[in-house]
Amino acid sequence: QVTDEDIANDAMTTGDVVTNGMGRSLQRYSPLDTLNRNNIEYLVPAWAFALGGEKQRGQETQPLVHDGVMYITGSYSRLYAIDVTTGEELWQYDARLPEGILPCCDVVNRGAALYGDKVYFGTLDARLVALDAKTGDVVWNKKIADYKEGYSYTAAPLIHDGLIITGNSGGEFGIVGEVQARDAETGEMVWTRPMIEGHMGTLNGEESTMTGTLNATWPGDMWKTGGGATWLGGSYDAETDTLVFGAGNPAPWNSWLRNAGEPVDGNTGDNLYAASRVGLDPATGEIKWHFQTTPREGWDFDGVNEVVGFTDADGHKRYGTADRNGFFYVLDRADGGFVDAFPFVKDITWAEGIDDTGRPIFVEANRPGRPAELTGEAKGETIFAAPSFLGGKNWMPMSYSENTGLFYVPSNEWGMDMWNEPVTYKKGAAYMGAGFTIKPLYEDHIGSLKAIDPATGEWVWEFKNDAPLWGGVMSTAGGLVFTGTPEGKFIAFDDATGEELWSFQTGSGVVGQPITWEQDGEQFVSVISGWGGAVPLWGGEVAKKVNFLNQGATLWTFKLPKALAELAAAE
Ligand SMILES: O=C(O)c1cc(C(=O)O)c2c(n1)C(=O)C(=O)c1cc(C(=O)O)[nH]c1-2
């Protein structure tokens, strides 16, 4: 049984991991220091678990651990329960996806949710499934949306106070991003909140309120297919009783079709609430605040990246979020208000910076050009912009360390050629109106893990990696920062210096999210290995560079055996 208290206290309780993000604030920081700088060299594999099946790719899950069981999701919408001591499978569930699913960016899933006696996850055919955590039997199985229209689901669901709260994927198909809250017991809908201005929300089966004001920031009927997918899920902030979700790119990508290229006709072309972080009232789904990272979006800079709660050096409650657009934002936790922004990648060419109100200072020349005829064959001017549309940072979560007060941000240094094309909406078809080729910016690296001081924006250290970084980051009180590379290495760094202290070759690319917990006085670390995600599919010249990397699907669990910990202590 996982209770509300278990969830609320997850960041402090070291015997299990019951939330995505290793705690409400998504810090991915563990107070455990049994394993530390002085003994990390003795960290050894305890067991490995192969997911099996003919299909293996894109393993992005964050494992959960409770009552001696580990729960992981696999690509193609599978879920596994594993004995955490022996590594043996207890049961597995396969969603048996229909033909014709339309995930944009690989067949990934980022993890499950635990609550009461159930384990939950979302599927690529846009369903939410509740399973009995002991047996794997289906308790309920609900449709989030129609996969034939382009909807899918890849994020870990969020639990709060008897509700299971999900987003949706499908921003490349002109779907409408939405947050849904359901009764966790029954799966019945409690409320919905669309992310695109003009749509109506619902509460207890009735229409509630409109999101924003019709046509204030969208021209004509474009809001009807406006994107803003909530594809990375959200978090709950107990400090302010607020759900925080991000909304993806507005649809289509071609900004000139949304007034965003050049605001006209009495609306701003900001296209709210796409490319925004949004605070919601958990009881009703009403919007409490929003912060739009990329108004007039035109480069596929989804606003979904995780929002991490932290307390700054002066004791202020803040959020930190590293956006696709290359800027790291510090926001006020009370109302999402803008505090500060600074770059976390070297080259940002679409904007000169962020002004005092949090709005980008656009470089208009680096917006993909206006197609001569929006309905004909003509293609707009090609520009080069950085970061690339896969972002200065994509979905892979950063970590905030209570030990150092630094953020550890998995970033990528790359740019793209991009142009606009005409496009019209057709249900279930890609709705982009843009073309692109991603290009590396530097000879020696694309990936860049940076330790960043949120007070100053200073990069304290940097680890450069040949391939783009695509895995989650975790930090610990033992002075360690963990992440993996597409080349297969799972690495522990010194949190203060960035020195590489330990690494292990996992056999395939690491795009999963590490966790740590303790059992009987020993500290364990787990991470899944299995290359995939958006880079090999969309990476242009970068994809060519990394297409030698092998697929795989193995969950690794490491531990520091007691005897070796004693040996290290005696040294
Ligand atoms: O707009 C959307 O609905 C949507 C969904 C997803 C997804 O669900 O994985 C991705 C993206 N967009 C996206 O833009 C993107 O770069 C991306 C990368 C990945 C991945 O798992 O590697 N997913 C997604």
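Heads up: these notes are all about the structure in this document. (Residues numbered from 1 in each chain as written. Predicted model: local features only at pLDDT ≥ 70, side-chain atom pairs only at ≥ 80, totals over all residues.)

On to the overall build of the chain. The secondary structure content of the chain amounts to 4 helices and 40 strands. The C-alpha atoms of the chain give a radius of gyration of 22 Å, which matches the 25 Å a tight globule of 571 residues would have. Its C-alpha atoms put the chain at 75 × 50 × 50 Å along the principal axes. When each of the 571 residues of the chain is scored for burial, the buried share is 58%. Long-range contacts, defined as pairs at least 24 residues apart, comprise 60% of the intrachain contacts of the chain with a sequence gap of at least 6. (Helix = DSSP H or I, 4+ residues; strand = E, 2+ residues; numbered from the N terminus. Rg over C-alpha atoms; globule rule 2.2 N^0.38 Å. Buried ≥ 20, exposed ≤ 12 C-beta atoms within 10 Å, placed from the backbone. Contact = placed C-beta atoms within 7 Å.)

On to the environment of phenylalanine 338, then. Among the secondary structure elements, phenylalanine 338 is positioned in strand 24 (residues 338–343). Considered as a pair, phenylalanine 338 and leucine 214 are 124 residues apart in the sequence and their alpha carbons are 25 Å apart. Excluding its chain neighbours within four sequence positions, the residues that come into contact with phenylalanine 338 are Phe291, Leu331, Thr357 and Gly358.

As a further point, take the pairing of strand 39 (residues 522–529). The buried fraction of strand 39 amounts to 7 of the 8 residues, a majority that puts the element mostly inside the structure. Bridge count for strand 38 (residues 515–519) against strand 39 is 5 bridges, and the pairing is antiparallel. Looking at the pairing, glutamate 518 lines up with glutamine 523 of strand 39. In this structure, the hairpin formed by strand 38 and strand 39 is closed by a connection of 2 residues, where aspartate 520 is found at a positive phi of approximately 50 degrees. Taken together, the 6 bridges between strand 39 and strand 40 (residues 554–559) define a ladder with antiparallel strand orientation. Paired with valine 525 across the two strands is phenylalanine 558, which belongs to strand 40. (Pairing = 2+ DSSP bridges.)

The next point concerns the nonpolar core. Of all hydrophobic cores here, the largest spans 162 residues; its most connected members are Tyr71, Ala112, Ala113, Leu114, Tyr120 and Tyr408. Element by element, the count of residues in this core is highest for strand 23 (residues 327–332), at 5 residues. When sequence neighbours within four positions are dropped, the list of residues in contact with leucine 114 reads Val2, Val18, Leu64, His66, Tyr71, Val119 and Ala133. (Core = buried A, V, L, I, M, F, W, Y, C linked by C-beta atoms within 7 Å.)

What follows covers unusual backbone geometry. The peptide bond linking alanine 251 to proline 252 adopts the cis configuration, its omega dihedral lying at -5 degrees. Along the chain, proline 252 falls in the loop between strand 18 (242–247) and strand 19 (276–280). Cis peptide bonds are those with omega within 30 degrees of zero, and the linkage from leucine 272 to tyrosine 273 qualifies with -5 degrees. On the secondary structure map, tyrosine 273 appears in the loop between strand 18 and strand 19. In this structure, tyrosine 76 is a non-glycine residue whose phi angle is positive, near 60 degrees. Along the polypeptide, tyrosine 76 turns up in the loop between strand 4 (69–74) and strand 5 (78–83). A positive phi is found at serine 77, a non-glycine position, where the angle reads about 60 degrees.

Once that is clear, we can look at the sheet that holds strand 27 (residues 383–385). With antiparallel pairing, 3 strands are arranged side by side in an open sheet as 27-30-31. Of all the strands in the sheet, the pair left with one neighbour each is strand 27 and strand 31 (434–440). Across this sheet, the average inter-strand angle for adjacent strands is 25 degrees, counted without regard to direction. In terms of strand pairing, strand 27 meets strand 30 (residues 414–420) through 3 bridges, oriented antiparallel. Across the sheet, residue phenylalanine 384 finds its bridge partner in strand 30, namely aspartate 417. (Axes fitted to C-alpha atoms, helices over the stretch in contact; angles between N-to-C directions.)

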